[in-house]
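Structural characterization, general
These are the residues of each chain, in order.
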Amino acid sequence: MKVVIPDDYQDCVRTLDAFAKLAGHQVTVYNDTVTDEDQLVARFQDAEALVLIRERTPITASLLARLPKLKVISQTGGGAAHVDMAACRQHGVTVLAGTGSPYAAAELTWGLVLAAMRHIPDEVNNLKAGRWQHTLGTGLKGRTLGIFGYGKIGQLVARYGQAFEMDVLVWGRETTRERAAAAGLEVADSQADFFERSDVLSLHLRLNPETRGIVTAENLAAMKPTALLVNTSRAPLVEDGALEAALNAGRPGMAAVDVFDDEPVRAHPLLELANVVATPHLGYVEKDSYELYFGDAFDNVVAFDTGQPVRDLAAGE
């Protein structure tokens, strides 16, 4: 098959052990992101299979209508909200997804917590510039870690907090609160209580119509001036523009973010703020995760090509 893989920013897909699974197929890899539909059509027009890296390129109805040769979309990871399933059904395009792992994202979350609370990026830059000890960091022991969303990643981050002897406080929908209580964790009385009490507050929610903008300007304004907000999930969980305004107002005092509304980012208001630690969506960008994600995606391409049974998301299977 003719396979196209877009958005391989690091030019690393060909270096993966899993890439050998596509031996015998004609594979084209692009290392940049384009958003113009005409450019996407030019790149994808001969593709029989697309292997998508997470949500980096949305697959819209208008794009699919211009790709008559496309037979299958194989998604890295388990989510495919960026793919128009109805349009795939209409055009007879099979959509396949694999599995994911929470560990890389949880580990990066904790790395951001430590980096922000102890001002590690600033002090690295200070030392390289010949400046010695210019900040005073804040420890984690005895402080309150707020976990908004107690799924697989949230559960891991909660355990990391406990290992650092933090008090863990959980908030989320009713099933989340029930699961956290069953695990022996404290559940906040309300969302307002949750934001007011957390010293470090980490978001671990899926983005959907119900969670978009779930973190409001009012929530942020209620946070402590010493508190840290961490977002390694999705940027639109926070009300548009609210985080920048809140950080400029001093509540919360800091933020650590790995996600942005439009990626890749070249410029953003958050990147101009001294009280922000930011990374370029690295949560799942890690060797073991890539081997797992791409291994599944490539297995699905091979299974489809050889006529093996597959689970087509577009067909609702």
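The rules behind these values
- Residues numbered from 1 in each chain as written.
- Predicted model: local features only at pLDDT ≥ 70, side-chain atom pairs only at ≥ 80, totals over all residues.
- Heavy atoms only, no water.
- Helix = DSSP H or I, 4+ residues; strand = E, 2+ residues; numbered from the N terminus.
- Rg over C-alpha atoms; globule rule 2.2 N^0.38 Å.
- Buried < 20%, exposed > 50% of the residue type's maximum accessible area, 1.4 Å probe, protein only.
- Contact = heavy atoms within 4.5 Å.
- Areas by Shrake-Rupley, 256 points an atom, 1.4 Å probe, with all protein chains shown as cover.
- Expected span 1.5 Å × (residues − 1).
- Salt bridge = Lys/Arg side-chain N within 4 Å of Asp/Glu carboxyl O.
- Pairing = 2+ DSSP bridges.
- Axes fitted to C-alpha atoms, helices over the stretch in contact; angles between N-to-C directions.
- Parallel < 35°, antiparallel > 145°, perpendicular 65-115°, else oblique.
- Left-handed = near helix turned anticlockwise from the far one by under 90°.
- Nonpolar A, V, L, I, M, F, W, Y, C, P; charged D, E, K, R; others polar.

Considerations on the overall build of the chain
The number of helices and strands found in the chain is eleven helices and twelve strands. For a compact globule of 317 residues, the expected C-alpha radius of gyration is about 20 Å, and the chain comes in at 21 Å, within 12% of that figure. With the principal axes as the frame, the chain shows a C-alpha extent of 55 × 50 × 35 Å. Looking at the chain residue by residue over its 317 residues, the buried ones come to 48%. Of the contacts made within the chain by residues no fewer than 6 positions apart, 63% connect residues no fewer than 24 positions apart. Entry remark: accessible area of the chain is about 15,200 Å², with carbon and sulfur atoms responsible for 50%.

Some words on the side chain of S74
Structurally, the position occupied by S74 is in strand β4 (residues 72-75). On the accessibility criterion, S74 (1% relative accessible area) is buried. Ignoring sequence-local partners within four residues, the contact set of S74 consists of L50, V51, L52, L96, A297, N300 and V301.

A few points about helix α4 (residues 103-117)
Spanning 15 residues, α4 covers 21 Å between terminal C-alpha atoms, matching the ideal 21 Å at 1.5 Å per step. Considered for burial, the residues of α4 that qualify are A104, A105, A106, L108, T109, W110, L112, V113, A115, A116 and M117. H119, located one to two residues past α4, shows a positive phi value of around 55°.

What about the pattern of salt bridges?
Side chains carrying opposite charge are able to pair once their charged atoms draw close together. For the coordinates displayed, the defined rule picks out twelve salt bridges. In this structure, K141 engages E165 in a salt bridge whose closest nitrogen and oxygen atoms are separated by 2.5 Å. Separated by 24 residues along the polypeptide, K141 in the loop between α5 (120-128) and β6 (144-148) and E165 in the loop between α6 (152-163) and β7 (167-171) bring together distant segments of the chain. Residue class for K141 comes out exposed when judged on its relative accessible area of 59%. E165 sits in the partly exposed class, given a relative accessible area of 46%. Here E291 makes a salt bridge to K287, at a shortest N to O gap of 2.7 Å. Of this pair, E291 and K287 both sit in helix α11 (residues 287-305), separated by four residues, roughly a single helical turn.

Concerning the sheet that holds strand β2 (residues 26-29)
Taken together, five strands build an open sheet; the order of strands is β2-β1-β3-β4-β5 and the sheet is parallel. In this open sheet, the two edge strands, each paired with only one partner strand, are β2 and β5 (94-97). Sheet twist, expressed as the average angle between the axes of neighbouring strands with direction ignored, equals 20°. Here α11 sits on the sheet and contacts β1 (2-5), β3 (49-52), β4 and β5; the angle it forms with β4, its principal contact strand, is near 155°.

Some details on the environment of D167
Its location among the elements puts D167 in strand β7. The class for D167 is partly exposed, based on a relative accessible area of 44%.

Brief notes about the packing of α4 against α6
The geometry of α4 relative to α6 is characterised by a closest axis approach of 9 Å and an angle of 40° between their N-to-C directions. Relative to α6, the element α4 is oriented oblique. When the axes of α4 and α6 are compared, the crossing they make is right-handed. Here α4 contributes Y103, A105, A106, E107, T109 and W110 to the contact with α6, which in turn contributes I153, L156, V157, Y160 and G161. Of the residues that constitute the contact of α4 with α6, the class distribution is eight nonpolar, two polar and one charged.

Here we look at the sheet that holds strand β10 (residues 228-231)
Overall, parallel pairing links the seven strands, which are arranged β8-β7-β6-β9-β10-β11-β12 in an open sheet. In the strand order of this sheet, the two ends are held by β8 (186-187) and β12 (276-278), each with one partner. Strand direction decides the pairing type here: β6 and β7, joined by five bridges, are parallel. Bridge assignment links T144 to a residue of β7, and that residue is D167. Against the sheet, α6 engages β6 and β7, with an angle of about 175° to β6. Those strands touched by helix α10 (residues 242-249) are β10, β11 (254-257) and β12, and its axis lies near 145° from that of β11.

Some details on unusual backbone geometry
The omega angle of the peptide bond from R251 to P252 is 0°, so this bond is cis rather than trans. Note that P252 resides in the loop between α10 and β11. P264 follows E263 through a cis peptide bond whose omega is 0°. Tracing the chain through its elements places P264 in the loop between β11 and β12. Its identity is not glycine, yet D11 carries a phi of approximately 55°, on the positive side. Considering the arrangement of structural elements, one finds D11 in the loop between β1 and β2. Here R54, not a glycine, exhibits a phi torsion of approximately 50°, which is positive. Secondary-structure assignment places R54 in the loop between β3 and α2 (61-64). On the basis of relative accessibility, which here comes to 15%, the residue R54 falls in the buried class.

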